[in-house]
Amino acid sequence: MTTETFMQLYQMDCPRARERLLIMGVPEQIKTSDDSGHHVAVTVAETVQHFITAMDAVKLEQRAVDELQPLLSDLMDALTQLPETPNDFEPNKKVQTWLQTLNSMRAVDQIDEDDARQLYHDLDSAYADFTRHLKRKK
């Protein structure tokens, strides 16, 4: 049974959710409002960890969708937990674009060398944008 069929069978009228899941391939990210100092510090540390893990995976030549997609999904979750980031925060857009690409592929598919190089570049520039954002917040 496809998701479309399921939604029709159970008369689910949720066009935004349908668009996000079936067309864009990424669910809506929800920001939390808890911006206590401890929470922010933990979230920043986790986000850095996810950036490093994802970048290391690409450098270690992991190319399969089922290896990369969970890492980018975890990174996206961490990025959206950060308080006071703008809606058009560039690191979020870059990671979301790659998530959409990977979510449209099968688990056994692999990205090619050119895509891996571009993914690493995008992660590296997203990390640089992330650190610049943190420095501006001081």
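Calculation criteria
Residues numbered from 1 in each chain as written. Predicted model: local features only at pLDDT ≥ 70, side-chain atom pairs only at ≥ 80, totals over all residues. Heavy atoms only, no water. Helix = DSSP H or I, 4+ residues; strand = E, 2+ residues; numbered from the N terminus. Buried < 20%, exposed > 50% of the residue type's maximum accessible area, 1.4 Å probe, protein only. Areas by Shrake-Rupley, 256 points an atom, 1.4 Å probe, with all protein chains shown as cover. Salt bridge = Lys/Arg side-chain N within 4 Å of Asp/Glu carboxyl O. Core = buried A, V, L, I, M, F, W, Y, C linked by side-chain atoms within 4.5 Å. Contact = heavy atoms within 4.5 Å.

A. Up close: the overall build of the protein chain. A count of helices and strands for the protein chain gives 6 helices and 0 strands. Ordered by position in the sequence, the α and β elements of the protein chain form the string α-α-α-α-α-α. Burial status across the protein chain gives 34% buried among its 138 residues. Counting only carbon and sulfur atoms, one obtains 51% of the accessible surface of the protein chain, whose full area is about 8,800 Å².

B. Here's a closer look at the pattern of salt bridges. Overall, the coordinates contain 4 salt bridges when judged by the stated rule. Aspartate 129 is the salt-bridge partner of lysine 94, the closest N and O atoms lying 3.9 Å from each other. Of the two residues, lysine 94 is situated in helix α5 (residues 90-103) and aspartate 129 in helix α6 (residues 113-137); the sequence distance between them amounts to 35 residues. Given the relative accessible area of 19%, lysine 94 is considered buried. The residue aspartate 129 makes a salt bridge to arginine 132 at a minimum N-O spacing of 2.3 Å. Of the two residues, aspartate 129 and arginine 132 are both situated in helix α6; the distance of 3 residues between them amounts to about one turn of the helix. The class for aspartate 129 is buried, based on a relative accessible area of 18%.

C. Region of interest: the nonpolar core. Of all hydrophobic cores here, the largest spans 26 residues; its most connected members are Leu68, Leu72, Leu75, Leu79, Val95, Leu119 and Leu123. Looking at this core, the elements that each hand over two or more residues are α3 (37-59), α4 (65-81), α5 and α6. If we ignore the near neighbours within four places in the chain, the residues touching leucine 68 are Ala57, Val58, Gln62, Arg63, Leu102, Ile111 and Leu119.

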